[in-house]
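Secondary and tertiary structure notes
Here is what each chain is made of, one letter per residue.
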Amino acid sequence: MKKTAFLGALTVSGLVAGAAAAATLEDVQERGNLNCGVSTGLPGFSAPNSAGEWEGFDVAVCRAVAAAVLGDPTAVEFVPTTGQTRFTALASGEIDMLSRNTTWTFSRDNDLKFEFVGVNYYDGQGFLVPKALGVTSAKDLDGATVCIQTGTTTELNLADFFRTNNMDYEPVPIETNAEAQQQYLAGACDVYTTDASGLAATRATFETPSDHVILPEIISKEPLGPLVRHGDNEWGDIARWTLNALIAAEEYGITSANIDELAEGTNNPEINRILGTEGNLGEMIGLDSDWAVRAIKAGGNYGELFERHIGESTPIGLARGLNAQWTEGGLLYSPPFR
Amino acid sequence: MSTLSEPPKESFRLSMLIYDTRYRSLTIQTVAMILLVLMISWLVSNTVQNLENLGKDFDFGFLGQRAGYDINQRLVEYTSQSTHARAALVGILNTILVAFLGCALATILGVIAGVLRLSKNWLVSRLMAVYVEGFRNVPLLLWIIAIFALMTESTPMPRDFREGGDASMLFGSIAISNRGVYVPAPVWGEGASLLIGVFVISLIAIWAFRRYAHRRQEATGDILPVFRVSLALFFIPVLLTYFAIAFANGRTEQAILATGGEAGLTLTEYAESQESLNVCLIPGTTTALNLEKTLRGADVRYNAVPFNDEGQALEGFQVGDCNVLSVPATQSDPIIAEAEGGFAPVPLVETIRRGNALEFEQPYLGGFNFDGGIHLRNSLIALWLALSLYTGAFIAEIVRGGILSVSKGQTEAAYALGLRPNRTMNLVILPQAMRVIIPPLISQYLNLTKNSSLAIAVGYMDVRSTLGGITINQTGRELEGMLLLGLFYLVLSLLISGAMNFYNSRVKLKER
């Protein structure tokens with residue numbers, strides 16, 4: 001009995017000790033792969049393809065960071081997390097970063113002690129209803145049954161929205177997007193609510209997407225972005241500037257097609273600094289000089305990733321909207337590489 | 001002569017701690033104790049250290065903060081403005097509800113299946129064997145999800161119940177939909193307290209009669225028809241009281257008064273003549289129930305303006321809070337006669353009944369869902385059925401084992417005395433089998449209670465889903481939340497096993 005207790009204590013201590021490490025970069029390099037938390041399956045953002053490989057817009061951020069840090073975009077261990085398990089997984093050190101359509105909020109940043117490294121998709125919460133219901137506005141939803149993923153900001157927004165409009169509703173709490181989809185299609189709820197991008201992605205997988213409409217009201221701001229733990233600023237900087245490199249690459253016209261050519265040197269000093277042919281930005285961030293080249297090569301710049309995974313040519317069919325470059329009226333604005 | 005040699009003097013040496021059997025066990029226990037304390041203190045300090053590294057403190061203050069989320073099944077009042085502690089309480093009550101329902105149904109199922117499994121009828125005993133093996137050997141989570149899927153996929157949507165849809169309500173009052181089962185809800189009217197009083201008295205009478213019958217049988221050997229008399233005592237006084245009250249005041253007519261219209265209009269005509277229909281009523285009364293039923297029947301849109309009692313409702317009507325009010329027919333003329341100024345109430349054509357001591361509120365189709373009645377959500381039903389069927393299979397085996405533990409001689413002796421098989425079972429076998437059945441039954445109840453934490457799989461908002469799920473997620477207090485959750489299950493389990501042990505000590509073999 002004493003032996004089992006001792007072994008049990010060893011196991012527990014092993015688990016606890018894992019969380020204490022602060023130097024994430026060294027851990028990742030030593031381990032040889034990046035543990036990245038993603039969703040349990042949201043088409044276009046993070047879902048396994050037919051070959052079983054994870055792909056999507058959020059997955060691409062993980063791959064870019066892995067390419068920058070380890071030189072290999074495939075050296076990523078994807079950990080599927082639900083709305084409820086994601087923060088515990090990150091806080092406990094099970095994953096090195098979380099890239100899972102997670103909304104940047106004050107309390108998550110300060111109270112949960114996480115560091116959001118930027119925004120890779122500006123989103124807002126919407127409602128998906130069957131056309132047959134004849135509902136044209138979210139204000140008509142008094143008394144409706146609403147499917148909602150638990151442990152999300154959308155759950156709180158929903159409560160606020162119905163309360164401020166003095167309406168009743170019946171929440172049906174659900175763990176994952178796949179379950180929500182099944183419940184919604186079975187008619188167990190009238191409405192499915194989550195981020196508008198998630199609704200578009202979900203609707204794209206329906207048999208007849210045209211039978212369902214996304215209501216015009218967007219009831220919240222949902223800036224989605226990757227995040228890391230508080231307390232390791234070097235690691236946070238790597239994730240932040242990898243994302244910025246992808247955004248800046250689009251702004252300066254660096255694509256996966258011309259990057260090899262540009263990496264030999266151009267007459268634009270900003271491009272040269274990003275791609276490491278001028279200055280020593282790589283050294284400052286604790287990596288080698290062509291870290292950004294590898295990150296961009298992993299899947300292309302921000303615009304390429306958007307088009308490939310969730311853009312208008314894909315079944316998900318999202319327009320750039322707020323997610324266009326600042327030069328084109330959007331909100332994407334990378335600080336200068338200098 | 002003899003020399004007195006003293007025995008060698010006992011002196012304590014350190015090696016005796018290991019080699020002397022008198023001290024060895026003490027040594028081992030002390031060392032084990034020290035190791036255990038060291039281990040625990042190391043675990044605690046490690047946790048504290050790691051929390052510090054993460055920049056987190058240990059604080060239960062989050063329980064007082066605003067929760068911000070809604071819960072569908074609430075046994076106590078709760079809104080998104082309530083605190084996390086309140087949300088936890090709602091979850092706790094939901095856990096207790098499903099655990100209680102589950103234990104009750106599992107016991108019934110288990111006892112029936114356990115007895116029938118011993119049946120001499122081949123078909124019955126094999127069917128029970130299939131039930132027991134099927135449920136015992138498939139994980140509980142699968143059963144929960146399977147029953148839930150069955151309920152959502154194979155039942156009609158609420159809108160199928162509309163005219164032209166292909167679903168209809170069971171007996172006109174129970175709706176089985178893919179959002180849950182809606183059953184009529186009782187509404188207590190005037191005289192309800194008398195009705196309940198009579199019911200309690202008849203329960204006491206049943207208990208007293210059974211006691212008397214038992215005594216009499218012990219003394220004289222005569223057997224009274226306990227079951228039939230109990231049944232009669234259970235139903236007849238209550239039904240008599242109910243009809244007496246119904247006869248006295250149930251048929252009292254209520255007039256419907258309206259302001260700003262002409263006399264002699266029907267509800268529909270009046271509603272068309274007005275911009276909006278505001279109805280003063282007292283929620284939860286049979287009058288309000290009947291009034292709303294009439295309003296729905298007339299197919300008019302209205303707003304309910306709630307009041308606490310009839311006096312306030314009348315005042316509200318007089319000052320214009322609403323334009324429709326229902327009053328007893330005898331009071332309507334004085335009200336009309338006393339009206340002055342711009343306030344000019346007129347009676348409408350329709351009248352309603354004041355209502356009996358007990359009326360039932362039928363579920364009816366609202367905008368998206370059924371309204372009214374009691375809503376048993378699919379999540380509750382699926383969890384309840386799965387927990388009961390699963391645990392019932394284990395209880396069946398315990399009951400079977402208990403019955404088999406009573407020697408065959410007991411049955412034969414009872415038969416020889418001329419007892420019929422069901423009396424033999426009830427009076428001879430089961431009382432003896434209970435001694436064997438109760439202790440393992442306690443652990444099945446505990447299992448069921450703890451297994452109810454699988455509720456989140458079907459979105460049932462138990463304490464694991466509220467405190468242990470959403471609250472932890474929104475506040476980031478994993479350690480505190482999980483500790484509270486663990487504490488709650490510990491206390492609940494200890495309470496259940498305490499109560500069951502008390503029962504066990506009453507039925508176990510009394511040795512004198």
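Residues numbered from 1 in each chain as written. Chains lettered and ligands numbered in written order. Predicted model: local features only at pLDDT ≥ 70, side-chain atom pairs only at ≥ 80, totals over all residues. Heavy atoms only, no water.

Considerations on the side chain of Asn157(A)
Residue and element names in this part refer to chain A. Looking at the element boundaries, Asn157 is found in helix 6 (residues 153-164). Here the side chain of Asn157 touches Gln125 through a polar contact of 3.0 Å, side chain to side chain. Only 2.6 Å separates the side chain of Asn157 from the side chain of Glu222, close enough to count as a polar contact. (Helix = DSSP H or I, 4+ residues; strand = E, 2+ residues; numbered from the N terminus. Polar contact = N/O pair within 3.5 Å; in protein donor to acceptor, adjacent residues only side chain to side chain.)

Things to note about the interface of chain B and chain A
Residue-level contacts link 43 residues of chain B with 48 residues of chain A. Both faces combined, the contact of chain B with chain A buries some 3,600 Å², and carbon together with sulfur accounts for 53% of it. Of all residues in chain B, Phe368(B), Asn473(B) and Gln474(B) bury the most surface against chain A, accounting for 19% of the area lost on that side. Summed over the shared surface of chain B and chain A, the result is three salt bridges. Between Asp190(A) and Arg179(B) there is a salt bridge, and its shortest N-O distance comes to 2.6 Å. The interface formed by chain B and chain A includes 16 residue pairs in polar contact (both at pLDDT 80 or more). For the side of chain B that touches chain A, the elements supplying multiple residues, two or more each, are helix 2 (21-53), helix 5 (140-154), strand 12 (374-377) and helix 15 (463-475) of chain B. Sorting elements by how many residues they give to the side of chain B that touches chain A places helix 2 of chain B first, with seven residues. When the residues that make up the side of chain B that touches chain A are grouped by side-chain class, the tally is 15 nonpolar, 18 polar and 10 charged. (Contact = heavy atoms within 4.5 Å. Buried area = accessible area lost by both parts, 1.4 Å probe. Salt bridge = Lys/Arg side-chain N within 4 Å of Asp/Glu carboxyl O. Nonpolar A, V, L, I, M, F, W, Y, C, P; charged D, E, K, R; others polar.)

Brief notes about the UniProt feature "transmembrane region" (unreviewed entry) in chain B
Cross-referencing UniProt, the feature "transmembrane region" (unreviewed entry) maps to residues 23-44, 87-116, 128-151, 191-209, 229-248 and 482-503 of chain B in the present numbering. Counted over residues 482-503 of chain B, helix gives 100% and strand 0%. Its end C-alpha atoms are 32 Å apart. (UniProt positions renumbered as here; feature names shortened; annotations may be inferred.)

Details of the domain arrangement of chain B
Segmenting chain B into domains produces domain 1 (84-168 + 376-507), domain 2 (188-249) and domain 3 (254-354). Inter-centroid distance (C-alpha atoms) of domain 2 of chain B to domain 3 of chain B is 41 Å. (Domains from an automatic or database assignment.)

Focus: the pairing of strand 7 (residues 324-328) of chain B
Residues and elements named next belong to chain B. Burial of strand 7 is extensive: five of the five residues sit out of reach of the surface. For strand 4 (residues 253-259) and strand 7, the ladder comprises five bridges, and the chain directions are antiparallel. From the neighbouring strand, Ile256 faces strand 7, where its bridge partner is Ser326. (Buried < 20%, exposed > 50% of the residue type's maximum accessible area, 1.4 Å probe, protein only. Pairing = 2+ DSSP bridges.)

Considering the domain arrangement of chain A
All names here are of chain A. Assigned domains of chain A: these are domain 1 (25-120 + 225-324) and domain 2 (124-221). With centres defined by C-alpha atoms, the gap from domain 1 to domain 2 works out at 29 Å. Taken together, the contact pairs 17 residues of domain 1 with 17 residues of domain 2. Both sides of the domain 1 and domain 2 interface together cover about 1,200 Å² of buried area, and 58% of this is carbon and sulfur. Applying the counting rule to domain 1 against domain 2 returns zero salt bridges. At the junction of domain 1 with domain 2, the criterion picks out two residue pairs in polar contact (both at pLDDT 80 or more).

Observations concerning the pattern of salt bridges
Under the defined criterion, the tally for this structure stands at 19 salt bridges over all chains. Residue Asp288(A) pairs with Arg294(A) through a salt bridge whose shortest N-O separation is 3.0 Å. One salt-bridge network, in which partners are shared between bridges, spans Arg117(B), Glu133(B), Arg136(B), Glu397(B) and Arg400(B).

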